[in-house]
Amino acid sequence: MRYDTPGLERWNSRVHDSSFGYVSTQGEPLVDLLDPQPGERVLDLGCGTGVLTAQIAFRGAEVLGIDGSGAMIEKALAQYPGITFIVGDAHDFTVARPYDAVFSNAALHWMNRPDAVIASVREALLPGGRFVAEMGGAGNCAELTTAMLTAWREYGLREPELPWYFPSPAEYARRLEAEGFVVRLLEYFDRPTPLEECPGGAGDWVRMFAPSALDGLAPDLVEPLLQRVNELAAPALRRESGWMADYVRLRFAAVRR
Ligand SMILES: C[S@@+](CC[C@H](N)C(=O)[O-])C[C@H]1O[C@@H](n2cnc3c(N)ncnc32)[C@H](O)[C@@H]1O
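Residues numbered from 1 in each chain as written. Predicted model: local features only at pLDDT ≥ 70, side-chain atom pairs only at ≥ 80, totals over all residues. Heavy atoms only, no water.

Naming follows an unreviewed UniProt entry, where the protein chain appears as Methyltransferase domain-containing protein of Nonomuraea corallina.

## Quick look at the packing of helix 8 (residues 142-154) against helix 11 (residues 219-237)
Test applied: Only the stretch in contact is used when a helix axis is fitted, and all axes are lines through C-alpha atoms; the angle between N-to-C directions ranges over 0 to 180 degrees. Secondary structure counts use DSSP, requiring at least four H or I residues in a row for a helix and at least two E residues in a row for a strand, with both numbered from the N terminus. Any angle from 65 to 115 degrees is called roughly perpendicular, while one under 35 is roughly parallel, one over 145 is roughly antiparallel, and all others are oblique. By convention, the crossing between two helices is left-handed when the near helix turns anticlockwise from the far helix through less than a right angle, and right-handed when the turn is clockwise. The criterion used for residue contact is that any of the two residues' heavy atoms lie within 4.5 Å. For this scheme, ten residues count as nonpolar: Ala, Val, Leu, Ile, Met, Phe, Trp, Tyr, Cys and Pro. Four count as charged, namely Asp, Glu, Lys and Arg, and the remainder, Gly too, count as polar.
Where helix 8 meets helix 11, the closest approach of the two axes is 8 Å, and the angle between their N-to-C directions is 140°. As far as their axial angle goes, helix 11 and helix 8 are oblique. Pair helix 8 / helix 11 crosses with right-handed handedness. Residues Glu143, Leu144, Ala147, Met148, Thr150, Ala151, Trp152 and Glu154 of helix 8 form the contact with helix 11, whose participating residues are Leu225, Leu226, Arg228, Val229, Leu232, Ala233, Ala236 and Leu237. The residue makeup of the contact of helix 8 with helix 11, split by class, is twelve nonpolar, one polar and three charged.

## Some thoughts on the side chain of Ser104
Position of Ser104 among the secondary structure elements: in strand 4 (residues 99-105). Apart from the residues within four sequence positions on either side, Ser104 is in contact with Leu30, Asp44, Leu45, Val132, Ala133 and Glu134.

## Comments concerning unusual backbone geometry
Counted only if it meets this: Note on exposure labels: buried denotes an accessible area under 20% of the residue type's maximum, exposed denotes more than 50%, and partly exposed covers the range between, all computed with a 1.4 Å probe on protein chains only.
In this model, Asp35 sits at a positive phi of 50°, which is unusual for a non-glycine residue. Positionally, Asp35 belongs in the loop between helix 4 (28-34) and strand 1 (41-45). One non-glycine residue, Cys141, lies in positive phi territory at about 60°. Along the chain, the position of Cys141 falls in the loop between strand 5 (125-136) and helix 8. Cys141 gets classed as buried once you look at its relative accessible area, which sits at 3%.

## Here we look at the environment of Arg158
Turning to its location among the elements, Arg158 is positioned in the loop between helix 8 and helix 9 (169-178). Sequence spacing of Arg158 and Ala213 is 55 residues, and the spatial spacing of their C-alpha atoms is 10.0 Å.

## Brief notes about the pattern of salt bridges
Test applied: Only one rule defines a salt bridge in this text: a Lys or Arg side-chain nitrogen within 4 Å of an Asp or Glu carboxyl oxygen.
Tallying each qualifying case throughout the model produces 14 salt bridges. Close ionic contact of Glu62 with Arg41 constitutes a salt bridge, the shortest N to O distance being 3.7 Å. You can see Glu62 sitting in strand 2 (residues 62-67) and its partner Arg41 sitting in strand 1, a full 21 residues away along the chain. A salt bridge links Arg175 to Asp115; the nearest nitrogen and oxygen atoms lie 2.9 Å apart.

## A look at the packing of aromatic side chains
Test applied: When two rings of Phe, Tyr or Trp (its six-membered ring) have centres within 6.5 Å they constitute a pair, described as stacked for plane angles under 30 degrees, edge-to-face for angles over 60, and tilted for the intermediate range. In this analysis the charged atom, NZ for Lys or CZ for Arg, is taken to sit over a ring once it is within 6 Å of the ring centre and within 35 degrees of the ring normal.
Under the criterion given, the structure shown has eight aromatic pairs. Pairing Phe131 with Phe181 gives two aromatic rings, centres 5.7 Å apart and planes at 50°, and the pair type is tilted. With Phe131 in strand 5 and Phe181 in strand 6 (residues 181-194), this residue pair connects regions lying 50 residues apart in the sequence. With a relative accessible area of 0%, Phe131 lands in the buried category. Taken together, a centroid distance of 5.8 Å and an interplanar angle of 15° make the contact between Trp164 and Phe166 stacked. The class for Trp164 is buried, based on a relative accessible area of 9%. The partly exposed category is assigned to Phe166, whose relative accessible area is 21%. Against the face of Tyr99 rests Arg41, its NZ or CZ located 4.1 Å from the ring centre. Its end group placed over the ring of Tyr247, Arg249 keeps NZ or CZ at 4.9 Å from the ring centre.

In structure tokens, the structure reads:
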């Protein structure tokens with residue numbers, strides 16, 4: 001698994017807001033779980049275009065948004081000029097003064113060195129500070145990725161490296177505890193999600209979420225390959241109402257010892 005800056009820049013900030021607005025919309029209950037208090041200092045890790053960062057600020061907290069993508073941060077700054085946003089890598093960031101809470105929605109599964117991320121979060125928190133986050137969990141998008149890998153195999157292609165880290169609840173809890181957190185809440189649940197902005201179905205999903213898998217392929221191969229992904233994924237994921245992604249989420253609240 002690899003996640004680097006060029007990959008981050010694939011997260012086109014315009015597409016993120018229009019096509020993936022649901023990412024932030026579905027993050028609202030996580031802000032409720034964080035329950036930011038007026039005057040608290042909160043860090044939003046992997047903040048994207050800052051939609052949830054702004055919700056946290058709206059509740060009266062002083063918030064800093066960090067994201068690895070310069071394009072995301074540019075858009076966040078333009079949209080929410082009153083909030084501080086900076087470019088930074090979650091694996092390796094430091095803060096001048098520790099925070100009351102670190103928040104993260106739909107970002108930790110893009111980070112392939114989880115212990116480094118958790119250690120950086122710990123150092124960014126006051127003792128007793130909370131780490132509240134949601135990410136893809138084990139089995140997330142299993143139908144989508146199985147269809148993808150099968151199609152690649154059928155075409156005689158080398159299986160692409162998938163960029164995500166989808167841990168089981170036990171694994172992530174163990175990592176949190178090993179890095180000095182007490183896990184107070186851990187939820188692991190299915191969240192079938194309409195692929196409203198992927199009219200081309202599973203193939204569109206590959207283009208949007210795993211574009212690196214298409215790197216280096218002959219251009220005339222891409223269409224039939226993605227068509228095959230659709231055929232393979234359709235029995236599980238295509239409904240009368242449209243395509244559904246088989247999302248599985250891991251949500252937790254942990255406290256720094
Ligand atoms: C699906 S978006 C979620 C954005 C936002 N949290 C939301 O809920 O709308 C994932 C974000 O994680 C960021 N990200 C991925 N890896 C990162 C890393 N190593 N350091 C900082 N940000 C990262 C991406 O740039 C992207 O903006």
